[in-house]
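Structural overview
Residues per chain are reported as follows:
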Amino acid sequence: MTTSPATRRTLNVVAACFCLVWIFPVYWMVDTAFKPYGDILRTTPQFLPFPFTLGNFADAVGKPGFLTDLGNSLLVTAAVVGLAIVVAFLAAVALSRFRFAGRRTFLVSVLVLQMVPLPALVIPVFLGLRSAHLLDSLFGLALTYVAIVLPFTIWTLRGFLHGIPVELEEAAMVDGAGRMTVVRRILLPLVAPGVIATSVFAFITAWNDYLFADVLMKDQGHQTLPVWLVSFSTATGTDYGGLIAASTLSALPVVVFFMVIQRRLVAGMTAGAVKD
């Protein structure tokens, strides 16, 4: 089915409008971060930051706890992405390639767990970590995020593995390759786009979470960037310039991570869509 040039132009205009609506809040955040405090509070919208200032960023970086919380966020997020992808990949291989008792029940459980709202898990997670003496621990926080992202990553990677012909593995095993060799040299390279696509979800979940980090981490030396952002709001008022500049800085690692893996992400989203 072909579309006329007029229809394509109309669809492009509609798509461009949706993109503008989506990107405007991001633009407004960055624009406001460069405005002097007086211009931020103006009732008349100012779409360009004139006069231009870097004072908000200096206030944000100079605020106590920035470097410590940045390091905590980077450490926790890296641990979550690495551990979640390894566990999810091995679990997806087992679910996709082996038949065992309780397999369907496990799959249904994974699907149901994705539907549980995160606030409902705060109290059980808190009690579990307290009994394991992992409260106020970066390791405990990382384990919490791993548990949160595993249902989605397992389900997604299983879908990618399900699209890989079993004959490839059988041919390798006939040639003398062991099961782990097949997993490492055949399945892992073929499912790499899916691994990268799911790693984005794990990264964003761990990097942006505020709820669990605030409840589980009371020591200021163990807090993460989302909790640090709240420090810009005090009983005497809110430092909007510093808060918006800090929010812009905290969003940069996500943007950089996405730009680095963008090409592979697109390949992962389209992998398996067409079969020969």
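Quick notes on the rules
- Residues numbered from 1 in each chain as written.
- Predicted model: local features only at pLDDT ≥ 70, side-chain atom pairs only at ≥ 80, totals over all residues.
- Heavy atoms only, no water.
- Core = buried A, V, L, I, M, F, W, Y, C linked by side-chain atoms within 4.5 Å.
- Buried < 20%, exposed > 50% of the residue type's maximum accessible area, 1.4 Å probe, protein only.
- Contact = heavy atoms within 4.5 Å.
- Axes fitted to C-alpha atoms, helices over the stretch in contact; angles between N-to-C directions.
- Helix = DSSP H or I, 4+ residues; strand = E, 2+ residues; numbered from the N terminus.
- Parallel < 35°, antiparallel > 145°, perpendicular 65-115°, else oblique.
- Nonpolar A, V, L, I, M, F, W, Y, C, P; charged D, E, K, R; others polar.
- Lys, Arg positive; Asp, Glu negative; His and termini not counted.
- Salt bridge = Lys/Arg side-chain N within 4 Å of Asp/Glu carboxyl O.
- 1 Å grid on protein atoms, 1.4 Å probe; cavity = no way out; pocket = protein on both sides within 12 Å on 5 of 7 lines; lining within 4 Å.
- Points joined across faces, edges and corners; volume = space filled by probe spheres on them.
- Left-handed = near helix turned anticlockwise from the far one by under 90°.
- Phe/Tyr/Trp six-rings, centres within 6.5 Å; stacked < 30°, edge-to-face > 60°.
- Lys NZ or Arg CZ within 6 Å of the ring centre and 35° of its normal.

**Quick word on the nonpolar core**
Grouped together as the largest cluster of nonpolar side chains are 54 residues, with contacts concentrated most on Val80, Phe89, Leu141, Tyr145, Leu161, Val191 and Trp228. In contact with phenylalanine 89, other than residues within four places in its own chain, are Leu157, Leu161, Val183, Leu187, Leu188 and Val191.

**A few points about the packing of helix 3 (residues 55-62) against helix 13 (residues 240-260)**
Closest axis-to-axis distance for the helix 3/helix 13 pair is 8 Å, and the angle between their directions is 75°. The angle between the axes of helix 3 and helix 13 places the two elements in the roughly perpendicular class. Of the residues in helix 13, those in contact with Asn56, Phe57, Ala60 and Val61 of helix 3 are Gly241, Gly242, Ala245, Ala246, Thr248 and Leu249. Looking at side-chain class alone, the contact of helix 3 with helix 13 contains 6 nonpolar, 4 polar and no charged residues.

**Side note on the side chain of aspartate 39**
Mapped onto the fold, aspartate 39 is located in helix 2 (residues 37-40). Of the buried charged residues, aspartate 39 lacks a salt bridge, with arginine 42 as the closest side chain of opposite charge at 4.0 Å. Other than its neighbours up to four places away in sequence, aspartate 39 contacts Gln46, Phe50 and Pro51.

**Overview of the layout of surface pockets**
Taken as a whole, the largest pocket spans an internal volume of roughly 430 Å³. Lining of the largest pocket is provided by 16 residues; of these, Trp22, Val26, Ala251, Val254 and Val255 occupy positions nearest its centre. Counting residues per element, the ones that place at least two in the lining of the largest pocket are helix 1 (5-33), helix 10 (192-208) and helix 13. Looking at the lining of the largest pocket, its residues break down into 15 nonpolar, 1 polar and no charged.

**Details of the packing of helix 1 against helix 13**
It is the contact of helix 1 with helix 13, at a shortest axis distance of 8 Å, that shows an interaxial angle of 125°. Between helix 1 and helix 13, the interaxial angle falls into the category oblique. Judged by the twist between their axes, the crossing of helix 1 over helix 13 is left-handed. Taking contact as the criterion, the partners of Met29, Val30, Thr32 and Ala33 in helix 1 are, on helix 13, Ile244, Ala245, Ser247 and Thr248. Considered class by class, the residues forming the contact of helix 1 with helix 13 number 5 nonpolar, 3 polar and no charged.

**Notes on the packing of aromatic side chains**
One pass over the full model with this rule turns up 11 aromatic pairs. Arranged with centres 6.3 Å apart and planes meeting at 45°, the rings of phenylalanine 24 and tyrosine 27 form a pair that is tilted. Highlighted residues: phenylalanine 24 and tyrosine 27, both in helix 1, separated by 3 residues, approximately one helical turn. On the accessibility criterion, tyrosine 27 (34% relative accessible area) is partly exposed. Seen in terms of ring centroids, phenylalanine 34 and phenylalanine 52 are 5.0 Å apart; in terms of plane orientation they differ by 20°. Their pairing is stacked. With a gap of 18 residues between them, phenylalanine 34 in the loop between helix 1 and helix 2 and phenylalanine 52 in the loop between helix 2 and helix 3 connect regions that are remote in the sequence. Given a relative accessible area of 53%, phenylalanine 52 falls into the exposed group. These aromatic residues form a ring-pair network of at least three members: Phe24, Tyr27, Trp28 and Phe47. The positively charged end of lysine 35 is found above the aromatic ring belonging to tryptophan 28, 4.2 Å away from the centroid. Its guanidinium or amino end placed over the ring of phenylalanine 232, lysine 63 lies 5.0 Å from that ring's centre, counting from NZ or CZ.

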